[in-house]
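So the chains spell out like this:
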Amino acid sequence: MTAAAPGWIRRNRDLVAAPVIVVVGLAVVLLYTTNRQLDSVEQRALDPSYLWARFGEHIWLTVASTVVVIILALPLGIALSRPAAARIRTGTLAFGGFMQALPAYGVIILLAFLLGFGTTTAIIALVLASFLPVLTNTVVGLLQVDPALIEAARGMGMSARQTLLRVEIPLAVPVMVAGIRVALVLNVGTATLATFIGAGGLGEPISSMLYLGRGQAVLVTSAIVAALALLIDWLAGVAERLVSGRLG
Amino acid sequence: MIALEGVSKIYPKQSKPAVTELNLQVPEGAIVTLIGPSGCGKTTILKMMNRLIEPTTGRILLAGEDVTDANGDQLRRRIGYVIQQVGLFPHLTIADNIAVVPKMLGWDKRRVTSRVDELLHLVGMEPGDFRDRYPRQLSGGQQQRVGVARGLAADPPVMLMDEPFGAIDPITRERLQDEFLEVQRQVAKTICFVTHDLSEAVKLGDRIAVFAARGRLAQYDTPSEVLAHPADDFVAEFVGSGAAVRRLSLLPISQLELAEIVISGAGAAAKDRPVLSVDDAGRPSAWHHVPGSERRPALVTVPLSATVYEAVDVMLDGHAPVVVVVDDDGQPRGALRWDSLVADLRPNGQPR
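Residues numbered from 1 in each chain as written. Chains lettered and ligands numbered in written order. Predicted model: local features only at pLDDT ≥ 70, side-chain atom pairs only at ≥ 80, totals over all residues.

**Comments concerning the overall build of chain B**
The following threshold applies: Each helix is a run of H or I in the DSSP string that is no shorter than four residues. Each strand is a run of E no shorter than two, and both are numbered from the N terminus. Residues with at least 20 neighbouring C-beta atoms inside 10 Å of their own are called buried, those with 12 or fewer are called exposed, and the rest are partly exposed, where every C-beta is derived from the backbone. Here the contact rule is simple: place C-beta atoms from the backbone, and any two residues whose C-beta atoms are within 7 Å are in contact.
What chain B contains, in helices and strands, is 14 helices and 16 strands. If you line up chain B on its principal axes, its C-alpha atoms span 75 × 50 × 35 Å. A buried classification covers 37% of the 352 residues belonging to chain B. Taking the intrachain contacts of chain B between residues at least 6 apart in sequence as the baseline, contacts between residues at least 24 apart amount to 60%.

Structural data, given as structure tokens:
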């Protein structure tokens, strides 16, 4: 284990950058803030317990919407990758591309008028915004599996289902995880818009402080969102590395 | 034994059949090579045997049992399958790749492990070195050895092989073919072997099935018959101008009448027969006299177990019009002369 450590570190050196940027960036912002006089409005917005609650909402919006995307988009992607679905594959992916092109800001407001304000609507909007990367990567990941492997599997007597579970999905997992990573990062960013329909999140202090012209507080809260996005992307990157590590 | 009876295949939206009314019987324990030009349907025919492609009409018989409507997945677990691209699963170790079918058949762990080791030995790979490696760590030749081992894993009576050595460099291919024949001597499977390489078909096949377009079986016979007596113009053209030379590789020297040779010093000088000097152990050391040639030619020997093709090869290589045939102990058994070889192999067999 100790003998393997240097090689392991060398291979994954690129993964060190993100945490360092996050820590250094947050430290700089905090140092800058503690040396400044804050008025009562800013103090209320930067109160740790208030920020912590918004942070919790933000995480919930991100995680819940990503989980829903995984639950819906993975099976749909698997179904679309089957030969029987070849005819509707292109059309469905094109429709997904169209949905993706809609601006998240407009979607979230329109959905609020249709479904009412609140967290559920925000999660639905986030699901719509991050559905396509997971769907596309699932389909692409499964279609790029070497047909010779599928022929070998079927030729040895694996059923279509066994071939999918034991050969196709394991080989498509790295691409699928990459899609989920994109969805997560999209959702962290888009969740800042949830505040406009009363679903909280870290967008709330940002938009209110922007409204009241408190640049100092905007800087701090924006820095927290940016750090969160980088961190989640980093975690997903580590997960991706672990999953695909077996395949080199 | 596997047999196709009146099998046709018509692909949807195509008016003409890909395979028409085919009858083909592969005898127990024999290698049958399926050969023909590209697109003649030989791979389709192979895939109909394990029903990866379903025949439109006709019956498939496996060991006398009609399996035309049997469960396809169950059927395929009883038939070994080896393809050109090998198709080893990159996320599984060599051992796990070989173990796929035994595990599906519910073998217990110990039996699977010992079978994997046995098969790796059989294909000439040390289990301790290769068991836990991944396919990408193996050369192409090693991968195809594992592919063959995987096909043999559950000890199926029938093996289907689709150009298994087609993507491998010529030198490695030659070696794999020899090893494959050696393995077959031990396991004696019924094998269908698709190839587009006539030399391979001749070398490996106990019988050759030559296919013309639309899966028409143009000739089904032993390699020497196919080469010597093509059934029709198509086969004659397909077998081509190299047929006579190829036939030499099917002809063992032991089946020829060899020219008598005289050992020098052992009796009267024979003007009309070649005279050979031997060493103390009785092995040939040099020519003493060869009738019809002014200078004594270089001494070349060839084992009795070799083919005429190999004898011709050493003659051309050594610029020798005559070659000494020796037995396993190195004792001379006779001579093979270039001029008599040419005369005897004339189609009409007429003497000079």
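**Remarks on the packing of helix 7 (residues 140-152) of chain B against helix 8 (residues 170-187) of chain B**
Two quantities define a packed helix pair, namely the angle between the axes and the distance from one axis to the other. All names here are of chain B. Let me state the cut-off plainly: Between N-to-C directions, angles span 0 to 180 degrees; the directions come from axes that are lines fitted to C-alpha atoms, helices contributing only their stretch in contact. The scheme is simple: roughly parallel for angles under 35 degrees, roughly antiparallel for over 145, roughly perpendicular for 65 to 115, oblique for anything else. Each helix crossing is assigned a hand: it is left-handed if the near helix lies turned anticlockwise from the far helix by less than a right angle, otherwise right-handed if that turn is clockwise. Residues are grouped as follows: Ala, Val, Leu, Ile, Met, Phe, Trp, Tyr, Cys and Pro are nonpolar; Asp, Glu, Lys and Arg are charged; all remaining types, including Gly, are polar.
In the contact formed by helix 7 and helix 8, the axes pass within 11 Å of each other and the chain directions differ by 20°. One element, helix 7, and the other, helix 8, form an angle in the roughly parallel class. Judged by the sense of rotation from one axis to the other, the crossing of helix 7 with helix 8 is right-handed. Two secondary-structure elements touch here, helix 7 through Gly141, Gln144, Val148 and Leu152 and helix 8 through Thr172, Leu176, Phe180 and Val187. Split by residue class, the contact of helix 7 with helix 8 holds five nonpolar, three polar and no charged.

**Observations concerning the pairing of strand 13 (residues 284-289) of chain B**
Residue and element names in this part refer to chain B. Test applied: Strands were regarded as paired on the criterion that DSSP finds at least two bridges between them.
Bridge analysis of strand 12 (residues 275-278) against strand 13 gives four bridges, and the strand direction is antiparallel. Bridging from a neighbouring strand, Val278 pairs with Pro284 of strand 13. Where strand 12 folds back on strand 13, the antiparallel hairpin that results is connected by five residues, among which Gly282 adopts a positive phi of roughly 90°.

**Some words on the packing of helix 6 (residues 104-115) of chain A against helix 7 (residues 119-143) of chain A**
All names here are of chain A. Across the interface, helix 6 lies against helix 7 with an axial gap of 9 Å and an inter-helix angle of 140°. Regarding the angle of helix 6 to helix 7, the classification is oblique. Relative to helix 7, helix 6 is oriented so that their crossing is right-handed. Here Ala104, Val107, Ile108, Leu111, Ala112 and Leu115 of helix 6 lie close against helix 7, whose contacting residues are Thr121, Ala122, Ile124, Ala125, Leu128 and Ala129. The residue inventory of the contact of helix 6 with helix 7, partitioned by class, reads 11 nonpolar, one polar and no charged.

**A look at the domain arrangement of chain B**
Using the following cut-off: Annotation comment: domain bounds sourced from an automatic or database domain assignment.
Looking at chain B, the domain boundaries give domain 1 (2-248) and domain 2 (253-344). Of note, the centres of domain 1 of chain B and domain 2 of chain B, computed from C-alpha atoms alone, are 41 Å apart.

**Notes on the sheet that holds strand 14 (residues 301-303) of chain B**
The strands making up a sheet are joined through hydrogen bonds of the backbone, oriented either antiparallel or parallel. All names here are of chain B. With mixed pairing, the three strands of this open sheet are ordered in space as 14-15-16. Each of the sheet's edge strands pairs with one partner strand only, and the pair in question is strand 14 and strand 16 (332-337). Taken over all neighbouring pairs, the strand axes of this sheet differ in orientation by 35° on average, direction set aside. Relative to strand 16, strand 15 (residues 322-326) runs antiparallel, the two being bridged by five bridges. Within the sheet, the bridge partner assigned to Val323 lies in strand 16 and is Leu336.

**Some remarks on the confidence of the model for chain A**
Threshold: The pLDDT value expresses, per residue, how confident the predictor is, ranging between 0 and 100.
Model confidence for chain A is summarised by a mean pLDDT of 88, while 94% of its residues fall at 70 or above. Element-level pLDDT for chain A is lowest in helix 1 (residues 5-11) of chain A, with a mean of 66, against a maximum mean of 95 in helix 8 (residues 147-155) of chain A.

**Some words on the sheet that holds strand 12 of chain B**
Judged by pairing direction, the sheet is mixed, and its three strands sit side by side in the order 11-12-13 (chain B) without closing on themselves. Every other strand in the sheet has two partners, leaving strand 11 (262-263) and strand 13 of chain B as the edge strands with one partner each.

**Regarding the interface of chain A and chain B**
Between chain A and chain B, the residue contacts involve 14 residues of the former and 16 residues of the latter. Breaking the side of chain A that touches chain B down by element, the ones donating at least two residues are helix 8 and helix 9 (160-190) of chain A. Examining the composition of the side of chain A that touches chain B, we find that six residues originate from one element, helix 8 of chain A, more than from any other. Looking at the side of chain A that touches chain B residue by residue, the classes come out as eight nonpolar, three polar and three charged.

**So, the nonpolar core**
To be explicit about the condition: Connectivity within a nonpolar core runs through C-beta atoms within 7 Å, and the core itself is a set of buried Ala, Val, Leu, Ile, Met, Phe, Trp, Tyr and Cys residues.
Grouped together as the largest cluster of nonpolar side chains are 123 residues, with contacts concentrated most on Ala122(A), Leu34(B), Ala149(B), Leu160(B), Cys192(B), Phe193(B) and Val210(B). Take this core: its biggest share by element is 13 residues, from helix 9 of chain A. Contact partners of Val210(B), with chain neighbours within four places excluded, come to Ile35(B), Gly36(B), Ala218(B), Gln219(B), Val226(B), Val235(B) and Phe238(B). Val275(B), Val302(B), Val308(B) and Ala311(B) belong to the second-largest nonpolar core, a separate cluster that totals 18 residues.

**Focus on helix 5 (residues 86-101) of chain A**
Stated formally: For a helix, the expected span equals 1.5 Å multiplied by the residue count minus one.
Here helix 5 of chain A contains 16 residues, and its C-alpha end-to-end distance of 24 Å stays within 8% of the 22 Å for a straight helix at 1.5 Å per residue. Counting buried positions over the 16 residues of helix 5 of chain A gives one, only a small fraction of the element.

**Concerning unusual backbone geometry**
Residue and element names in this part refer to chain B. The residue Val86 is not glycine, and still its phi comes out positive at about 65°. For Val86, the location among the structural elements is in the loop between strand 6 (79-83) and helix 3 (94-98). In this structure Val86 comes out as buried when scored by C-beta crowding, with 24 C-beta atoms within 10 Å.

**A closer look at helix 1 (residues 42-49) of chain B**
Burial within helix 1 of chain B is extensive, with eight of its eight residues counted as buried. Taken as a whole, helix 1 of chain B has its buried residues at Lys42(B), Thr43(B), Thr44(B), Ile45(B), Leu46(B), Lys47(B), Met48(B) and Met49(B).

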